[in-house]
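Chain residues, written in single-letter form:
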Amino acid sequence: MDDLSRFCCLNSDCPDHGKRNHGNLTVPARYGLNKTRVLRCRTCKTRFSERKGTPLFDARLPPEKATAVLAHVAEGVGTRKTARLVGVHANTVTRYIRRAGRHARELHDELVAFSPDDH
Ligand SMILES: [Zn+2]
């Protein structure tokens, strides 16, 4: 079964925009090696990736590295130290911090949702 309770419609013009666990989302397709889900909103018919709107979306890092970066940042580890520990460029860490900043409240949920154990 697909647990969609964490997701919501990302179309800001949709009456159900931002409502989680509202029953308006379906999974019409999957793509990629990780079988990333395509979500569709029944209300406005918009389709989007389950990764859109999360700090991991459109990132060039493999999910386990991205998760590691976010985990360090969430623990308050500085940019340079995180870069050194995870083995990525400091600019990459900065980019993730910027992405995560817009989603700070849901960061923990997303870390759990996209952890490498999730397959
Ligand atoms: Zn919608």
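Refer to the structure presented above.
Calculation notes
- Residues numbered from 1 in each chain as written.
- Predicted model: local features only at pLDDT ≥ 70, side-chain atom pairs only at ≥ 80, totals over all residues.
- Heavy atoms only, no water.
- Donors = N, O, S within 2.8 Å, 3.2 Å for Na, K, Ca; no water.
- Helix = DSSP H or I, 4+ residues; strand = E, 2+ residues; numbered from the N terminus.
- Buried < 20%, exposed > 50% of the residue type's maximum accessible area, 1.4 Å probe, protein only.
- Polar contact = N/O pair within 3.5 Å; in protein donor to acceptor, adjacent residues only side chain to side chain.
- Contact = heavy atoms within 4.5 Å.

*Asks:* Would you mind going over the coordination of the zinc ion in detail, with residue names and values included?
*Replies:* All of the protein donors around the zinc ion are C9 (SG), C14 (SG), C41 (SG) and C44 (SG); their distances to the metal are 2.3 to 2.4 Å. Look at where the donors of the zinc ion fall in the sequence and you get C-x4-C-x26-C-x2-C. Taken as a pair, C14 in the segment before β1 (25–31) and C44 in the loop between β2 (36–41) and β3 (47–49) lie far apart in primary sequence, 30 residues in all. Classification of C14 as buried rests on a relative accessible area of 6%.

*Asks:* So what's going on with the environment of S49? Residues and values would help.
*Replies:* Here S49 is to be found in strand β3. Separated by 19 residues in sequence, S49 and R30 have C-alpha atoms that sit 8.8 Å apart. Reaching out from S49, the side chain makes a polar contact with the side chain of Y31 at a distance of 3.0 Å.

*Asks:* A description of the environment of G18 should follow, citing residues and the corresponding values.
*Replies:* Within the fold, G18 resides in the segment before β1. Separated by eleven residues in the primary sequence, G18 and F7 place their C-alpha atoms 8.2 Å from one another. Discounting chain neighbours no more than four positions away, the residues touching G18 are C8 and C9.

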